[in-house]
Amino acid sequence: APLWQQQQQQQLLGARSGAGPLQLPQPAAAAAGGKHNDSQISSSPGITASTPRSAFATAAAAGAPFSKQHTAAPAAAAGSECPMSAGWSLLLIEGDVTSSPGPFLQLQIAALSCDQQTADLRAQLSTTRSGAAAAEGAAPAAVAAAGVQLGVHKHEAGLQLPMLLSDPEPAWLDEDTKLRFINAKPTLEASRTQARLTDEWRRTKHVDTIFNRPAPIFGLIEKLLPFYALDKTDEGHAVVFVKLGALKQLTDAVFLTKPPVITLEDLETHLTLINEYLTKIAAPGPLPAGNQILLFDLGGMKLSHVMNNEAYALFQVLLKFGTYYPEHLHQAIIMHAPAWFNIPWKMVATFLDANTRSKIMVVGSPKSALKHLSKHLRGVEHVPVEWGGQCTTPLDECPAHKKMLNFVAKAGKQ
C-alpha cells in the first residue's frame, strides 16, 4: 500500500486503541514546522471543532456522513505536534464523498520520508525563520502557518543551501527556485534529479529566451483552452482561471484535425510561456509568496472528453510542468465538478504527490467556494457574479489579463 495509506492505518488503529496519533521524530517534527492549526477539516453534525482528534479518525473509519461545511480544527494542546494528524479532508461532489489524507497527515508523511540531511536543513531554516519572525513581532501562528514550505527571508541570507547542479548554479536556479526544488522532494538526491531534468528541458527548449521570441499562435490556443490572469493576492500569489470544460475542442484541434491546428509541441511552448510569465512577471515574489491559485471550470465537460488516449496525452504534457516548476501551487479550486468526476480524479490523483493533493478543493457550484474565492480575489465585489460574487466585468477585461496579453504581444519585438 502507498505510504500514506499505511500511515492512515496506523493512525486509525492508534485512535481505536486510545494510543493517540503517531508521534513524529524530533527532526521530522521540526521539518514539519512544529504546531499547526487546520482550517479545512470538513465536519458533520456529530463532529465539531471541539471533537478530540481521535474521534476524527474513528469517524472516518466508520464512514461518518461528512458535510460540505468547514470548521476550525481543535486547537493544539501544549507541546503537541500536528494536532490533526489523524484528520481527513472530505469533499462532497454532487452527492459523492471522496476522501484524502488531511493536511497534517500530509506534513507527517513529508517529514517522515525526508532523509536526515534534508530534515536537518528544513529544521535549520524553520528555526531561522521562526526566530526572525518573532524578532519582528509576528504572531507564532503566522510562523506555524508556513508549514513545511520554507521561504527566502532576509535573515536567512547567510544560510548556505546545498548545491543541486553545479557551482555556480545555472542562472535560472536562483536561491528561491532552489528552495522550491528542495521542498518538492524528500531527499536531496531526488531534488538534484528533478533539477537535472529541468535543466536539460530548459536548455533543449531554450526556455531562458522565450520572452525574446514571438508567440504567433498564442491567441489561437487561448481560444481553444481559455486562460485568464485574474489578479495578484495581497500575499503575492497569481490568481488564474482555466476553462477546462473546453478540453474537447483542444483535443480535436491537436489530434483529429488534418493537418492538426496545433501540435503538442505548440501546446508545450504555450504553457512554458505562461509559466514563465506567472513566475517571472505576474508573481515573482520569493517563498512564501510567488505561488499560484488555479481556478478550473469543468462546466460542459463530459466523461468521454477525458477518458480517451488523446486527453491522456494532453495530461502528460501538463504533468511535466509540475516537475519543471515545483512548489508553485498555493491552492487549486475545481468548480462545476460533475457527478462522474471522481472516476478520472482517482486516476489523476495517482500522479500527484500528497502535498499537492492536499491543496486541491473540488466543488459542484462555485458558490460553495465563495469564501475562498473572495479571499483570493480580495473581496466578494471582485468575484464574478456567475460564481456567487458581485463583479460584472468580463474576465478578458480584467487588468491582470490585459497586462498579460500586452506582454505577450510585445514578445520578440524588444
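Anything mentioned here points back to the structure above.
What follows deals with the environment of Leu278. Tracing the sequence through the fold places Leu278 in helix H11 (residues 264-282). With 38 residues separating them in the primary sequence, Leu278 and Val240 have C-alpha atoms 9.2 Å apart. When residues no more than four places from it in sequence are discounted, the contact partners of Leu278 are Phe227, Ala238, Val240, Ala283, Pro284 and Gln292.

Burial analysis of strand E6 (residues 238-242) places five of its five residues in the buried class, the great majority of the element. Here five bridges tie E6 to strand E7 (residues 292-297), and the two strands are oriented parallel to one another. Residue pairing across strands places Phe241 opposite Leu295, the latter belonging to E7.

If you trace the five strands from one edge of the open sheet to the other, you get E5-E6-E7-E8-E9, paired in mixed fashion. Because the sheet does not close on itself, it has two edges, and the strands there are strand E5 (227-232) and strand E9 (360-362). Each neighbouring strand pair of the sheet contributes to a mean axis angle of 15 degrees, computed without reference to strand direction. Taken together, the three bridges between strand E8 (residues 329-335) and E9 define a ladder with parallel strand orientation. When the sheet's bridge partners are listed, Ala332 is paired in E9 with Ile360.

Further remarks concern helix H8 (residues 188-204). Under the 1.5 Å per step criterion, the end-to-end length of H8 is 24 Å for 17 residues, consistent within 8% with the ideal 24 Å. By the burial criterion, the buried members of H8 are Leu188, Ser191, Gln194, Ala195, Thr198, Asp199, Trp201 and Arg202. Along H8, the residues classed as buried sweep out an arc of 165 degrees about the axis, all on the same side. Residues of H8 that are exposed and point more than 90 degrees away from the buried face comprise Arg203 and Thr204. Of the residues trailing H8, His206 is marked for its positive phi of about 55 degrees.

Moving on, we get to the packing of helix H7 (residues 175-184) against H8. Remark: H7 packs on H8, axes separated minimally by 8 Å, with the N-to-C direction vectors making an angle of 125 degrees. Comparing their axes, H8 and H7 come out oblique. Our pair here, H7 against H8, has a crossing hand that is right-handed. Residue-level contacts link Phe181, Ile182 and Ala184 of H7 to Leu188, Ser191, Gln194, Ala195 and Thr198 of H8.

Counted according to the given criterion, the structure contains 14 salt bridges. Its salt-bridge partner being Arg203, residue Asp199 comes within 3.1 Å of it at the nearest N-O pair. Separated by four residues within a single helix, Asp199 and Arg203 lie in helix H8, roughly one turn from each other. Relative accessible area serves as the criterion here: at 14%, Asp199 is assigned to the buried category. When its relative accessible area of 54% is taken as the criterion, Arg203 is described as exposed. For the salt bridge of Glu235 with Lys375, the shortest nitrogen-to-oxygen distance reads 3.8 Å. Highlighted residues: Glu235 in the loop between E5 and E6 and Lys375 in helix H16 (residues 370-376), separated in sequence by 140 residues. A relative accessible area of 44% means that Glu235 is categorised as partly exposed.

Criteria and thresholds
Residues numbered from 1 in each chain as written. Predicted model: local features only at pLDDT ≥ 70, side-chain atom pairs only at ≥ 80, totals over all residues. Heavy atoms only, no water. Helix = DSSP H or I, 4+ residues; strand = E, 2+ residues; numbered from the N terminus. Contact = heavy atoms within 4.5 Å. Buried < 20%, exposed > 50% of the residue type's maximum accessible area, 1.4 Å probe, protein only. Pairing = 2+ DSSP bridges. Axes fitted to C-alpha atoms, helices over the stretch in contact; angles between N-to-C directions. Expected span 1.5 Å × (residues − 1). Arc of directions from axis to C-beta. Parallel < 35°, antiparallel > 145°, perpendicular 65-115°, else oblique. Left-handed = near helix turned anticlockwise from the far one by under 90°. Salt bridge = Lys/Arg side-chain N within 4 Å of Asp/Glu carboxyl O.

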